[in-house]
Amino acid sequence: MSKFLHSGRCWWLCLQSWLVAAVAQASTLEFSLHPVFAGEAVRLDSLRYETAAKETISLTRWSLLLSGFALEQEDGAWSELPGQYAWLDAERQRFGLPLSNAPAKKFRAMRFFIGPDAAANAAAAQAYGPEHPLNPQVNGLHWSWQGGYIFLALEGKFRGVGVGGGDLPGFAYHFARDANRTCITLSADLDLRHDASVAVEFDVAAVFNAPRQISLTLDGTATHARAHDPLVPALTANLRGAFRVREVRSSLPAISQPSALKPLYLPATYTPYRFTMSSSFPLPALPRDNPLLEERVALGKRLFSEPMLSRNDTQSCATCHVAAHGFSDSRKFSLGVDGQVGKRHAMPLMNLAWKANFFWDGRAAALREQVLQPMQDPLEMDSTLVQVVGKLSAQEAYRQEFSKAYGTEEVTSEKVALALEQYLLTLTVFDSKFDRAMKGQEVLAPAEQRGFELFMTESDPRTGQRGADCFHCHGGALFSDHQFHNNGLRLDETDVGRWLATKQESDRGKFATPSLRNVARTAPYMHDGRFATLEEVVQHYSQGVQRSATLDANLAKHPSSGLQLSAEDQAALVAFLRTLSAPEF
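Residues numbered from 1 in each chain as written. Predicted model: local features only at pLDDT ≥ 70, side-chain atom pairs only at ≥ 80, totals over all residues. Heavy atoms only, no water.

*Asks:* Is there a simple way to think about the packing of helix H18 (residues 534-544) against helix H20 (residues 567-578) in this case?
*Replies:* When two helices pack together, their arrangement is given by the angle between the helix axes and by the axis-to-axis distance. The contact between H18 and H20 brings their axes to 10 Å, and the two run at 130°. If you check the angle between H18 and H20, you find them oblique. Along this stretch, H18 crosses H20, giving a crossing that reads as right-handed. Residues Leu 534, Glu 535, Val 538, Gln 539, Ser 542 and Gln 543 of H18 touch H20, and the partners they reach there are Gln 570, Leu 573, Val 574, Leu 577 and Arg 578. Looking at the contact of H18 with H20 residue by residue, the classes come out as five nonpolar, four polar and two charged. (Axes fitted to C-alpha atoms, helices over the stretch in contact; angles between N-to-C directions. Helix = DSSP H or I, 4+ residues; strand = E, 2+ residues; numbered from the N terminus. Parallel < 35°, antiparallel > 145°, perpendicular 65-115°, else oblique. Left-handed = near helix turned anticlockwise from the far one by under 90°. Contact = heavy atoms within 4.5 Å. Nonpolar A, V, L, I, M, F, W, Y, C, P; charged D, E, K, R; others polar.)

Dropping the structure here:
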């Protein structure tokens, strides 16, 4: 018996030793990629970089996807690091990722591809988790209904030779498609017997200069990397020489992992809420510390229509966010408790689970933060959180509902916010005529189909394409990139948009991009409700765009006279937009 125990103990110790050795044989390589221009770190929205064609450019966007990472051993064999993807983006200050499970050996080179592999490029949008680099909601690089990803997005403004002052034209180079997926190989002495790091530079100057000189004026201001586009082979050749190793370090401190968030105020008994969404939507990053519960959603729904949230008990959230109008307001500006006139149009409340910033200027980073501001705004509900909590606490019915939702009867402003957040997250819209047509359950009328084609087509006279170019900002199943853009409105200097939240000059005149779902029900349009109809909106983009320093590059690349869409094409666009409304609300 003792002999058996002894042999068992040896077996267990041997197993432990093997596990330790196995773990020791895998290392992490911290990979980072940094945009530079001829060695100088790139600053976004800075008109300072001169190309070989004597054009001065600024970048407003540098965003790319990498895949297919592999390391070359000293004997020439390659060790693949499968299933690891990188999304890198200058605006988001996202420049690196840890490449895990690398063999604990010495290597002499690394390689990767610009763009995902063909299978990943063709995968459905919902195939990736809410924080995965290939989730379209994370990277903003998916071509939605057209399918596939943009591998590299370079956008900005430029000044040509001998041209000074004035509003600058824009450019948008979107490098994509499986046939153009490009392999980059870099020599680097990497010792992964300990964790290591490698910093790589991406030289934007090389993209424009060598070996093929690219002139925005002569060669074109836009590309979507279609077949037979002469810009594509030039970009491919130049990209191969745009990467170089800046620094290699042989060891790294241990990379800390964020601790799991614990649910807030979880009651002893509760019912999980069944969140519904379209199968074409990317997976959202629902709050992990506020998991959806039936009891909490029900409380939030009641609070949304509760006039006690206002100073004089006359207004609720639902007063200005009316379900019949897509949870928006049919008035240009909503009125406060004493008839005060608001400053902006009430935004529609739908598919908020996919948004990361709230309000037209994005000043709130979470729904739980956003919902408390209207209660305290003197132009809206004009109350205080102390008053709101006091009035709710005095109601036996509310104390019971808070108990069901949180486990105690205590009412706090935080719990009010968490309940409202949950209810708003459940307001999903995804069953429109357009969605049914995509499933083969309905057919778009000829004008609607023509409008869809215009919506999804770039306007590029260089290649003979005529489109409305809407999809850059309103692409994807959610019909919004959830970013901030200057869309060419004539600005009222009393409201300059995103600048009010960030104080960055590059954000002057930028406002949140609203979703176009239910757009036929959410008139009037824009942050100030200046357009009463969809026809006026389409006409603005056709010929009313005002040029300015921060005008979005995808609009600035068009002629100063605008797209000049025909009356028939404008009508077709409106017809298509009307197919995006759903009966849920």
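*Asks:* Is there a simple way to explain empty space enclosed by the protein in this structure?
*Replies:* Where empty space is left becomes clear once a probe the size of a water molecule has been rolled over the atoms. By the definition in use, this model includes two cavities of 30 Å³ or more. Space inside the largest cavity adds up to approximately 680 Å³. If you go around the largest cavity, you meet 38 residues; those closest to its centre are His 474, Leu 516, Met 526, Val 537 and Tyr 541. Among the elements that make up the lining of the largest cavity, the one with the highest residue count is H18 (four residues). A per-class count over the lining of the largest cavity returns 24 nonpolar, twelve polar and two charged. Approximately 70 Å³ is the volume attributed to the second largest cavity. Lining the second largest cavity, in full, are Tyr 541, Gln 543, Gly 544, Val 545, Arg 547, Leu 555, His 558, Pro 559, Ser 560, Ser 561, Gly 562 and Leu 563. (1 Å grid on protein atoms, 1.4 Å probe; cavity = no way out; pocket = protein on both sides within 12 Å on 5 of 7 lines; lining within 4 Å. Points joined across faces, edges and corners; volume = space filled by probe spheres on them.)

*Asks:* In this structure, what is going on with the packing of aromatic side chains? I would like to understand it.
*Replies:* Geometrically, a pair of aromatic rings is defined through the distance of the ring centres and the angle of the planes. Within the structure shown, the criterion is met by 27 aromatic pairs. With a centroid separation of 6.3 Å and 85° between ring planes, the pair formed by Phe 281 and Phe 430 is classed as edge-to-face. Separated by 149 residues along the polypeptide, Phe 281 in the loop between strand E14 (243-249) and helix H7 (294-304) and Phe 430 in the loop between helix H13 (413-425) and helix H14 (433-438) bring together distant segments of the chain. When sorted by exposure, Phe 281 lands in the same class as Phe 430, which is buried. Aromatic ring contacts, followed pair by pair, group Phe 31, Trp 62, Phe 69, Phe 95, Phe 112, Phe 202 and Phe 243 into a single cluster. (Phe/Tyr/Trp six-rings, centres within 6.5 Å; stacked < 30°, edge-to-face > 60°. Buried < 20%, exposed > 50% of the residue type's maximum accessible area, 1.4 Å probe, protein only.)

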